[in-house]
Amino acid sequence: MSLKITPFKVHFADEQLDKLRTQVKAAHIPRPTYEASGTSDRNLGVTREWLLKVKAHWEDGFDWLDCFVSSFGHTLAHLCLDVRRAQEARCEPTCLGHGYQKCSRSFNTDSINEVKQFVALIPQPTGDPFELHFIHERSTNPNAKTILFLHGWPGSFLEFIEAVKILREAGDYNIVVPSAPGYMFSDPPPVDRDYGLRDVAALMNDLMIGLGYEKYGVQAGDWGSAVARIMGVRYDTVHCVHLNLVVLPGPPAGHSFEALSSSDKKMVEKTRKWAETGRGYAIMHATKPATVGFVVASSPIAHLCWVGEKFLDWTDQDPSIDEILTSVTAQYLTDTYPTSIYTYRERSVGLHGEPEWFIKKPTGFSFFPEEIVQTPASWIGTTCNLVWTKEHSKGGHFAAMEQPELLAADVREFFDQAW
């Protein structure tokens, strides 16, 4: 398959940025309530105090023309919204001393985080080609292993940037990180037919073949883990799979909660608690995606609350305001919240445990303690050929952003064993 591939750079017009700043300044913040007071230790949602602080920073402290060196515990990205169209200019940062660095001038998006970005037109069985945005770092080593990283919601390709840099430095890997369909800089799903996980899996495999990779492994969490599972079962091009999330509706056949170790019981209890108190958003995404899509996308503050809450609740250390605003700003300006929640209508919880989706290929799993859904290794082993596991003492749902060194090390160790 031959693909039309072109370099890509992030660009938001001055008009977009000015409009967003005006919207943020004009946004109404509702009156104080018990639920938003913080009395419940943020268990009932983001607090009004936090929202007012972030709103004020978004208005005046968050400079759209700056490059941010932000981190989820470490450096996430030199993210610059290149509104000056300076395609050839490079960034020479000067320290501002506030958790980020300011660029003395804008720079080409191809140099953002020193990772290469592209868009590819992928032919479809019907209709126009699908434009997919992706990071692609090709090793000069002819024996390099190839890794496809897949994100979920509300994540993005930004999650993997620091891990990509670490693996690229190792020199032994070809690395591909797409923006999933409907996310940020990739085309949205079609509006004239249903679109789901199997479609995403086919698109990702087409991308990899089009890039010349006929053997590759997949690393994924969140919704990406469901896509990776489908790919691992359906496509001979996928050699191995590494996951950091497997969701099961209950104990697999022949297993029980009572038979688990005390530590595994704690994992399952934590997941049950999250299912009772933390997945309201998922129910809305699954049952009324059109309505919630209109509501959240109608206001940058609504978007901030809906998405920012997840970055706060699903990590073991609260990200900085700049880290959250970096993702929220890019998501809002690309108007991709409504187009990114389509997968929730599928029952992927069952998919992980269904016999037809058992991964026969070598599979690895990394455990991070603040992952929102935790599944014991003995249960995961009923869904795949589990040959490698690693438990960590820190990290949460956004493992690649929170602990890029750990995830990169896990990927290297597993791929070296499974390749």
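Everything that follows concerns the structure shown earlier in this document.
The model shown is predicted, which means the values in this text are computed figures rather than measured ones. (Residues numbered from 1 in each chain as written. Predicted model: local features only at pLDDT ≥ 70, side-chain atom pairs only at ≥ 80, totals over all residues. Heavy atoms only, no water.)

Asker: Can you explain helix H4 (residues 197-210)? Please cite residues and give values.
Answerer: Since the α-helix advances by 3.6 residues per turn, residues separated by three or four positions end up pointing in the same direction. End to end, H4 covers 20 Å across 14 residues, agreeing with the expected 20 Å (1.5 Å per residue, within 8%). Directly after H4, the chain includes Gly212, whose backbone phi takes a positive value near 95°. (Helix = DSSP H or I, 4+ residues; strand = E, 2+ residues; numbered from the N terminus. Expected span 1.5 Å × (residues − 1).)

Asker: Report on the pattern of salt bridges, specifying residues and quantitative values.
Answerer: Evaluation of the coordinates by the stated rule reveals 15 salt bridges. For the salt bridge of Lys145 with Asp416, the shortest nitrogen-to-oxygen distance reads 3.3 Å. One end of the pair, Lys145, is in strand E8 (residues 145-150); the other, Asp416, is in helix H14 (residues 404-418), and 271 residues separate them in sequence. With a relative accessible area of 15%, Lys145 lands in the buried category. Notably, a salt bridge pairs Glu309 with Lys310, separated by 2.9 Å at the nearest N-O pair. Classification of Lys310 by relative accessible area gives buried; the value is 2%. In the salt-bridge network here, residues are joined through shared partners; they are Arg42, Asp313 and Asp318. (Salt bridge = Lys/Arg side-chain N within 4 Å of Asp/Glu carboxyl O. Buried < 20%, exposed > 50% of the residue type's maximum accessible area, 1.4 Å probe, protein only.)

Asker: Please provide a residue-by-residue account of the environment of Ala286, values included.
Answerer: Structurally, the position occupied by Ala286 is in helix H7 (residues 280-287). Counting along the chain gives 61 residues from Ala286 to Arg347, while the straight-line C-alpha distance between them is 9.0 Å. Setting aside its immediate chain neighbours within four residues, Ala286 contacts Tyr344, Arg345 and Arg347. (Contact = heavy atoms within 4.5 Å.)

Asker: Which residues make up unusual backbone geometry, and what values go with them?
Answerer: Working note: non-glycine residues mostly have negative phi, and peptide bonds are mostly trans. In the segment running from Trp153 into Pro154, the intervening peptide bond is cis, with an omega of 0°. Within the element layout of this structure, Pro154 appears in the loop between E8 and helix H3 (161-170). In this structure, Arg42 takes a positive phi of about 70° despite not being glycine. As for its position among the elements, Arg42 is in the loop between helix H1 (14-26) and helix H2 (48-61).

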